[in-house]
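Geometric and topological summary
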Amino acid sequence: MPKRKSGNRGPVRSRVPYIKIVPPGPKARAWVNRDEQVLSQSVTRIYPLVIEKARGAMVEDVDGNRYLDFTAGIAVVATGHSHPEVVKAICEQAARFVHMSGTDFYYPAQVKLAEIMDRITPGKSPKRTFFSNSGTEAVEAAFKLARYQTRRPLMIAFQGAFHGRTMGALSLTASKAVQRRHFSPLVPGVTHVPYASCYRCPYGLTYPSCKMHCVNIIRDWYFKSLVPPEDVAAIVVEPIQGEGGVIVPPPEFLPMLADMAKEFGILLIADEVQTGMGRTGKMFAVEHWNVQPDIIAVGKGIASGLPMGATVASTDVMSWQAGSHANTFGGNPVACESALVTIELLQRNLVANAAKLGAYLLQELAKLKDRHRLIGDVRGKGLLIGIECVRDRETKEMAIQERNDIIQRCFRKGLLLLGCGQNVIRIVPPLLITRREADTALEILDAVFTDVEGG
Ligand SMILES: Cc1ncc(COP(=O)(O)O)c(C=O)c1O
């Protein structure tokens, strides 16, 4: 392992990570116990991290442990925790007014943000934005808009997709059975087709000699046998499947899908809730493939941690009758001010940093793969990276327990990570991470993989 300058040196007060007491410490344990009595346990906590404060890529727990955060609160705090410019904008707007309902009244922050969304989303024709409070609501609005505009009943989504948990978005989701169990009947009319998961192709084909069977099968089989294309309102796609296991499709996939959708008058909805707002090293992931979706759904990173969803479409597509879709809190002025500063910071240097540090991490993780038999694949774009854990590289037998163990051990060493798919470690740090922080994470991962492989 080459010597790296990690953040784990220097005076104790500035060390990150810094583990004073193996987590969970006594205060964390007490909070977890109280939580279990009163909070819905349908949520998915994977380790007992109880947070006291956070700044940049550092999170401190209630027992005084400091962690390096490579989760960004599930790919949300693009600008890092409590970025001073974001906090200032939030405080100033909160002091002016906190809420007045942007669907019934007007205020400048919402208009300014929609003007910026028009400029930064792909496509030259003028666009409009519908604001909401979460990714699932952004997808829900896209779903309704597609049906409204086309007057067609059916939707196509992808196996392995995650689009959220409200009924419409959940009907498009096909990631984990637990997310759908006992909730049927869901919204009818959704067909899930195979995604371009070349690393585990459902047809056993090899790219590029497969000639993009995964797109052609929609046209050649689904459209002819199951889903008449003239009844399809939209194809909903994550440009990179995030929750499904950080699956980057081959270069032809999205352009072919966009062409096919156009040919049949089907709208293309890009769910950029996780991939958008600079995460992949471009403002929107579809830009990697020069694709212009008809509708884009955004969430997570847009407002640096304040709840916000945004559904963006051309003025032609987003022309629906007053009263057909609205909400109370969407486009909240405090969230809008936070988003305005977030986008400024993204454009100033964070998108470029995501591209640079992402390339560095991918390169260094590829070296880790050479040394660790448990690593089957390293993939991603920008700072959306997946490390696939396998017991056997040939058979791709999944190392699910080992993946879980690695995440737990990293937590105890002060590196916060999340999983995705069944056997993938998801790396989604704030977009402001430094080379030193990347090196610290690599050092911890290297040590933990060594331990797990040895034990
Ligand atoms: C691609 C994608 N779409 C939609 C959602 C749902 O977003 P939210 O949890 O904010 O409702 C997520 C959340 O992980 C996501 O990754």
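1. Notes on the domain arrangement of the protein
- Along its sequence, the protein is organised into domain 1 (12-82 + 349-454) and domain 2 (85-345).
- Facing the 27 residues of domain 1 at the interface are 28 residues of domain 2.
- Elements with a minimum of two residues in the side of domain 1 that touches domain 2: α2 (72-75), α9 (333-371), β11 (375-381), β12 (384-392) and β16 (424-427).
- Looking at the side of domain 1 that touches domain 2, its residues break down into 14 nonpolar, 8 polar and 5 charged.

2. A look at the sheet that holds strand β10 (residues 309-314)
- The sheet built from 7 strands is open, its strands ordered β4-β10-β9-β8-β7-β5-β6 with mixed pairing. This sheet does not close on itself; its edge strands, each paired only once, are β4 (127-132) and β6 (190-193). On average, each strand axis in the sheet is tilted by 20 degrees relative to the strand beside it, whichever way the strands run.
- Note: β4 against β10, 6 bridges, orientation antiparallel. Residue pairing in the sheet places Phe131 in a bridge with Ala310 of β10.
- Sitting on the sheet, helix α5 (residues 135-150) is in contact with β4, β5 (154-158), β7 (232-237), β8 (267-271), β9 (295-298) and β10, with an inclination near 30 degrees to β10.

3. Some words on the pairing of strand β1 (residues 51-55)
- Sheet topology note: the β1/strand β2 (residues 58-61) ladder contains 4 bridges and is antiparallel. Within β2, the position partnered with Lys53 by the bridge is Glu60.
- Counting the residues between successive antiparallel strands, the hairpin from β1 to β2 contains 2 residues, one of them, Gly56, with a positive phi of roughly 60 degrees.

4. Quick word on the sheet that holds β2
- Strand order in the open sheet made by the 4 strands is β1-β2-β3-β14, with mixed pairing throughout. Of all the strands in the sheet, just β1 and β14 (415-416) have a single pairing partner and so form its edges.
- Looking at chain direction, strand β3 (residues 66-69) and β14 are connected through 2 bridges and run parallel. The partner of Asp69 across the bridge, within β14, is Leu416.

5. Overview of the nonpolar core
- The biggest cluster of nonpolar side chains holds 130 residues, and the ones touching the most others in it are Ala142, Ala234, Ile235, Leu257, Leu267, Ile269 and Ile295.
- Both domains that furnish three or more residues to this core are identified here as domain 1 (12-82 + 349-454) and domain 2 (85-345).
- In contact with Ala142, not counting residues within four places along its chain, are Ile269, Ile295, Ala297 and Thr311.

6. So, the packing of helix α4 (residues 108-120) against α9
- Contact geometry for α4 and α9: axes closest at 9 Å, N-to-C directions at 40 degrees. It follows that α4 is oblique to α9 by the angle criterion. Judged by the sense of rotation from one axis to the other, the crossing of α4 with α9 is left-handed. Judged by residue contacts, Ala109, Gln110, Lys112, Leu113, Ile116 and Ile120 of α4 engage Pro333, Cys336, Glu337, Ala339, Leu340 and Ile343 from α9.
- Partitioning the contact of α4 with α9 into residue classes produces 9 nonpolar, 1 polar and 2 charged.

7. A few points about the environment of Ala313
- For Ala313, the position within the fold is in strand β10.
- Overall, the presence of 27 C-beta atoms within 10 Å leaves Ala313 in the buried class.
- Placed 44 residues apart in sequence, Ala313 and Ile269 show a C-alpha to C-alpha distance of 9.3 Å.
- Ala313 has contacts with Lys127, Arg128, Leu145, Asp294, Ile295 and Met318, leaving out every residue within four places of it along the chain.

Basis of the calculations
Residues numbered from 1 in each chain as written. Predicted model: local features only at pLDDT ≥ 70, side-chain atom pairs only at ≥ 80, totals over all residues. Domains from an automatic or database assignment. Contact = placed C-beta atoms within 7 Å. Helix = DSSP H or I, 4+ residues; strand = E, 2+ residues; numbered from the N terminus. Nonpolar A, V, L, I, M, F, W, Y, C, P; charged D, E, K, R; others polar. Pairing = 2+ DSSP bridges. Axes fitted to C-alpha atoms, helices over the stretch in contact; angles between N-to-C directions. Core = buried A, V, L, I, M, F, W, Y, C linked by C-beta atoms within 7 Å. Buried ≥ 20, exposed ≤ 12 C-beta atoms within 10 Å, placed from the backbone. Parallel < 35°, antiparallel > 145°, perpendicular 65-115°, else oblique. Left-handed = near helix turned anticlockwise from the far one by under 90°.

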